[in-house]
Amino acid sequence: VVGAVLTSPMHRLLGRRLALVRYVGRVSGQTYTLPIQYVRDGDRLVIVAGRAGGKRWWRNFGQPMPAEMLLDGKWHHCNLAVAGERDREAAVPAYSARFPSASKWLADAVVLVGTLT
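This section reports on the structure supplied with the text. All values reported here derive from a predicted model rather than from experimental measurement.

Quick notes on helix α2 (residues 85–98)
Taking 1.5 Å per residue as the helical rise, α2 with its 14 residues ought to reach 20 Å, and the 20 Å between its terminal C-alpha atoms agrees with that figure. Helix geometry: α2 is bent most strongly at Ala91, by close to 25 degrees, with proline Pro93 lying one to four residues after it. Taken together, the buried positions of α2 are occupied by Ala91, Val92, Ala94, Tyr95 and Ser96. Looking at the buried side of α2, the elements it contacts are β2 (31–41), β3 (44–49) and β6 (110–116).

Spelled out as structure tokens, the structure:
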């Protein structure tokens, strides 16, 4: 349902906080598309995989990897990677400011950072 809204002319209803990310699985070679919550912090994209232990998708980005994100109703190329300690420290405050209720579980979350290309 989220994907249908984000790809429709009604994308503005959810598009300021949700996007679709599309990537090719590192091992499987299959293309995956899933909804994510994100924050734009200047030219940086910040994505948080909450309860990351139960999710596998973010493991594809252990090293920087190309992906596409549907932002503002258009697909954009980007590079995403799991944030290192320095990038994480810079990205988490921006995410917490946008989504204050997330701060209670951010300590255990995996943070991904990216840039549009």
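Concerning the pairing of β6
The buried fraction of β6 amounts to 5 of the 7 residues, a majority that puts the element mostly inside the structure. Sheet analysis places β3 next to β6, joined by 6 bridges and oriented antiparallel. The residue bridging Leu45 from the neighbouring strand is Gly114, located in β6. Direction of pairing for strand β5 (residues 74–82) relative to β6: antiparallel, over a ladder of 5 bridges. For Cys78, the partnering residue across the bridge sits in β6 and is Leu116.

Calculation rules
Each residue is numbered by its place in its chain's sequence as written, counting from 1. The predicted nature of this model means local features are confined to residues of pLDDT at least 70 and side-chain atom pairs, given and counted, to a pLDDT of 80 or more, with totals for whole chains, interfaces and linings taken over all residues. Computation of side-chain values: all heavy atoms of the structure, hydrogens and water removed. Runs of E in the DSSP output that reach at least two residues are strands. Runs of H or I that reach at least four are helices, and both are numbered from the N terminus. Under the convention used throughout, the expected extent of a helix is 1.5 Å for every residue step, that is, one less than its residue count. The quantity called bend is, for any residue, the angle between two axes fitted respectively to the seven residues ending at it and the seven beginning at it. Only protein chains enter the calculation, and the probe is 1.4 Å; a residue is then buried if its accessible area is under 20% of its type maximum, exposed if over 50%, and partly exposed in between. The contact criterion used is simple: two residues touch if any of their non-hydrogen atoms lie within 4.5 Å. DSSP-based pairing: two strands are paired if at least 2 bridges between them are found.

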